Amino acid sequence: MATVHLRIGDLVWGKLGRYPPWPGKVVSPPKDLKKPRGKKCHFVKFFGTEDHAWIKVEQLKPYHPHKEEMIKINKGKRFQQAVDAVEDFLKKAKGKEQNSDGKGDSKGKKTPSKPLKILEEDDEDLSALKDPSEKPASSMEPISKRLKIIEEDTGSTSIQAADSTAINGSITPTDKRIGFLGLGLMGSGIVSNLLKMGHVVTVWNRTAEKCDLFIQEGARLGRTPAEVVSMCDITFSCVSDPKAARDLVLGPSGVLQGIRPGKCYVEMSTVDPETITELSQVITSRGGRFLEAPVAGSQQLSNEGMLVILAAGDRTVYEDCSSCFQAMGKTSFFLGEAGNAARMMLILNMVQGSFMATIAEGLTLAQATGQSQQTFLDILCQGQMASTFVDQKCQNILQGNFKPDYYLKHIQKDLRLAISMGDMANHPTPMAAAANEVYKRAKALDQSDNDMSAVYRAYIH
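The sections below set out a description of the structure shown in this document. What you see is a predicted model, and the numbers here were worked out from it, not measured in a lab. (Residues numbered from 1 in each chain as written. Predicted model: local features only at pLDDT ≥ 70, side-chain atom pairs only at ≥ 80, totals over all residues. Heavy atoms only, no water.)

So, the nonpolar core
Then, number 1: Counting 35 residues, the largest nonpolar core has Phe180, Leu194, Phe236, Val266, Met268, Phe325 and Met328 as the members making the most contacts within it.
Then, number 2: If you list the elements that add at least two residues to this core, you get strand E9 (178-181), helix H3 (185-196), strand E10 (201-204), strand E12 (234-237), strand E13 (264-267), strand E16 (307-313), helix H10 (315-320) and helix H11 (322-328).
Then, number 3: Per-element tally for this core: the top contributor is H3, with five residues.
Then, number 4: Setting aside its immediate chain neighbours within four residues, Phe236 contacts Ile178, Gly179, Phe180, Leu181, Val266, Met268, Cys321, Cys324, Phe325 and Met328. (Core = buried A, V, L, I, M, F, W, Y, C linked by side-chain atoms within 4.5 Å. Buried < 20%, exposed > 50% of the residue type's maximum accessible area, 1.4 Å probe, protein only. Helix = DSSP H or I, 4+ residues; strand = E, 2+ residues; numbered from the N terminus. Contact = heavy atoms within 4.5 Å.)

Here we look at helix H15 (residues 408-424)
Because each turn of an α-helix spans 3.6 residues, side chains separated by three or four positions in sequence point in the same direction.
Then, number 1: With 17 residues, H15 should cover 24 Å at 1.5 Å per step; its first-to-last C-alpha distance of 25 Å lies within 8% of that length.
Then, number 2: Among the 17 residues of H15, 12 are classified as buried, and the element is accordingly described as predominantly covered.
Then, number 3: Three or more residues of H15 are buried, namely Leu408, His410, Ile411, Gln412, Lys413, Asp414, Leu415, Leu417, Ala418, Ile419, Met421 and Gly422.
Then, number 4: Buried-residue contacts for H15 involve helix H6 (242-250), helix H8 (273-285), helix H12 (340-368) and helix H16 (430-444).
Then, number 5: Phi turns positive one or two residues past the end of H15, at Asn426, with a value near 55 degrees. (Expected span 1.5 Å × (residues − 1).)

Describing the layout of surface pockets
Then, number 1: The space that makes up the second largest pocket amounts to roughly 860 Å³.
Then, number 2: Lining the second largest pocket are 33 residues; nearest its centre among them are Arg206, Cys238, Val239, Ser240 and Ala244.
Then, number 3: For the lining of the second largest pocket, the elements supplying multiple residues, two or more each, are H3, H6 and H15.
Then, number 4: Considering every element that reaches the lining of the second largest pocket, the biggest residue donor is H6, with four residues.
Then, number 5: Looking at the lining of the second largest pocket residue by residue, the classes come out as 14 nonpolar, 12 polar and seven charged. (1 Å grid on protein atoms, 1.4 Å probe; cavity = no way out; pocket = protein on both sides within 12 Å on 5 of 7 lines; lining within 4 Å. Points joined across faces, edges and corners; volume = space filled by probe spheres on them. Nonpolar A, V, L, I, M, F, W, Y, C, P; charged D, E, K, R; others polar.)

Concerning the packing of aromatic side chains
Then, number 1: Counted under the stated rule, the structure contains 11 aromatic pairs.
Then, number 2: Ring pairs connect the aromatic residues Phe180, Phe236, Tyr318, Phe325 and Phe334, which therefore count as one cluster.
Then, number 3: Over the ring of Phe334 we find Arg315, and its NZ or CZ is 4.9 Å from the ring centre.
Then, number 4: Over the ring of Tyr407 we find Lys409; its NZ or CZ atom is 5.2 Å from the centre of that ring. (Phe/Tyr/Trp six-rings, centres within 6.5 Å; stacked < 30°, edge-to-face > 60°. Lys NZ or Arg CZ within 6 Å of the ring centre and 35° of its normal.)

Focus: the side chain of Thr270
Then, number 1: Topologically, Thr270 is positioned in the loop between E13 and H8.
Then, number 2: Those residues in contact with Thr270 that sit more than four places away from it in its chain are Pro294, Met345, Leu346, Asn349, Tyr406, Lys413 and Asp414.

A short note on the packing of H6 against H8
Then, number 1: With their axes 10 Å apart at the nearest point, H6 and H8 run at an angle of 10 degrees to one another. One way to sum up the angle between H6 and H8 is to call them roughly parallel. Seen from H6, the contacting residues are Pro242, Ala245, Arg246, Val249 and Leu250; seen from H8, they are Thr275, Glu278, Leu279, Val282 and Ile283.
Then, number 2: A breakdown of the residues in the contact of H6 with H8 according to their chemical character gives seven nonpolar, one polar and two charged. (Axes fitted to C-alpha atoms, helices over the stretch in contact; angles between N-to-C directions. Parallel < 35°, antiparallel > 145°, perpendicular 65-115°, else oblique.)

Things to note about the pattern of salt bridges
Then, number 1: Under the definition given, this model contains 13 salt bridges.
Then, number 2: In this structure, the salt-bridge partner of Arg315 is Glu319, at a minimum N-O distance of 3.6 Å. In this pair, Arg315 and Glu319 both sit in helix H10, four residues apart, roughly one turn of the helix.
Then, number 3: The residue Glu437 makes a salt bridge to Lys440 at a minimum N-O spacing of 3.1 Å. (Salt bridge = Lys/Arg side-chain N within 4 Å of Asp/Glu carboxyl O.)

Focus: unusual backbone geometry
Then, number 1: Positive phi, close to 55 degrees, is recorded for Ser253, a residue that is not glycine.
Then, number 2: Relative to the elements of secondary structure, Ser253 occurs in the loop between H6 and helix H7 (255-258).
Then, number 3: One non-glycine residue, Asp446, adopts positive backbone phi at about 70 degrees.
Then, number 4: Tracing the chain through its elements places Asp446 in the loop between H16 and helix H17 (457-460).

Section: the packing of H12 against helix H14 (residues 388-399)
Then, number 1: Contact geometry of H12 with H14 gives a least axis separation of 11 Å together with a crossing angle of 50 degrees. If you check the angle between H12 and H14, you find them oblique. Our pair here, H12 against H14, has a crossing hand that is right-handed. Mapping the contact onto sequence places Gln352, Phe355, Met356, Ile359 and Leu363 in H12 and Phe389, Val390, Lys393, Cys394, Ile397 and Leu398 in H14.
Then, number 2: Tallied by class, residues from the contact of H12 with H14 come to nine nonpolar, one polar and one charged. (Left-handed = near helix turned anticlockwise from the far one by under 90°.)

Printed below as a string of structure tokens:
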């Protein structure tokens, strides 16, 4: 790869992983910081934060030529503060130059900037450093410094990752060994982000070939769920439905066979509260620690590390998972005892599934009455219901693109479980019941493995 002509002190735009470009300055790495291996990179300090990181050369751009471009595509108070910090730095630097005119070396010679040796990258180091000469912050930094705790009227606690991105604060990966079971649409993005943020991850998947890509990215391979759990301190699971979740724990070479006192098991699958209660009981009966943590989002949000995590169960496990949740999501909520996260997740997906069915119904009714579907979408996206979800799903429908971002069969499963939960609470769910029938029709039309937006096809066949 060609050498990037940057020197110590140069201002740059640095893009780290999934995060947006951020203004920074090339600095000398601390002498005691482990030399990265692999791809070429520079050591950069980001303005407006205490973050330093190794940035790949292809993810760096000179500050001044790209300033207007970056300001146009990036918004937000923190970003503007960072840009202001750069401008203040430039003003001070200019002032020092003016004050030093005619002073210093009697011959008027300037000492050239020392070229920065391009280093090879190992990890995208996100250790928070107040000064380049300081050592990286310990991974045992008190969680209270990284989490914002808000007590709600309900008595449950919302814990949001206040420093969930490299631009708002560093993610210091836990020194605990992480296991991950299930590399589907959601699990794949989660594992990728855990690895990017420096976590040590061991993976397993029923179809072993899916592990290959992550092994190349630095993950370790576990031969069975039991082996992964026995090798790791915290093991996450993300599978398709209650049966798969139970089989993973209770089946041959399952999780339960690897559980030992102190081992943590985190169930991220969207399942019913009864399944969560059963899994919690069997894990804790072996001395294990249990947390449920289903995620709200899609494959795209999983890939971008922008999921919303709903957690319940052992609060200490939740705190131990802090850096993991920051890597995979934009925020997380702790909802109390095990089962509460499953209930909340099913309610959220019930609403989303019903809404998607209604959107599809509106598009097909527009077509049936001679109205332009594109115009319907344009109007919809200018009103109060405008959202990225509406725009993306409708555009996919109009383009006939039903590549799965969230499987139709899974949203139908969630609707079914939510309706059952309503029955147990003696609470009516007529809208969800109607939507469920439409999804069942779509499944009968062989749409199960398409995106949930393929429910549209149930209205046109």
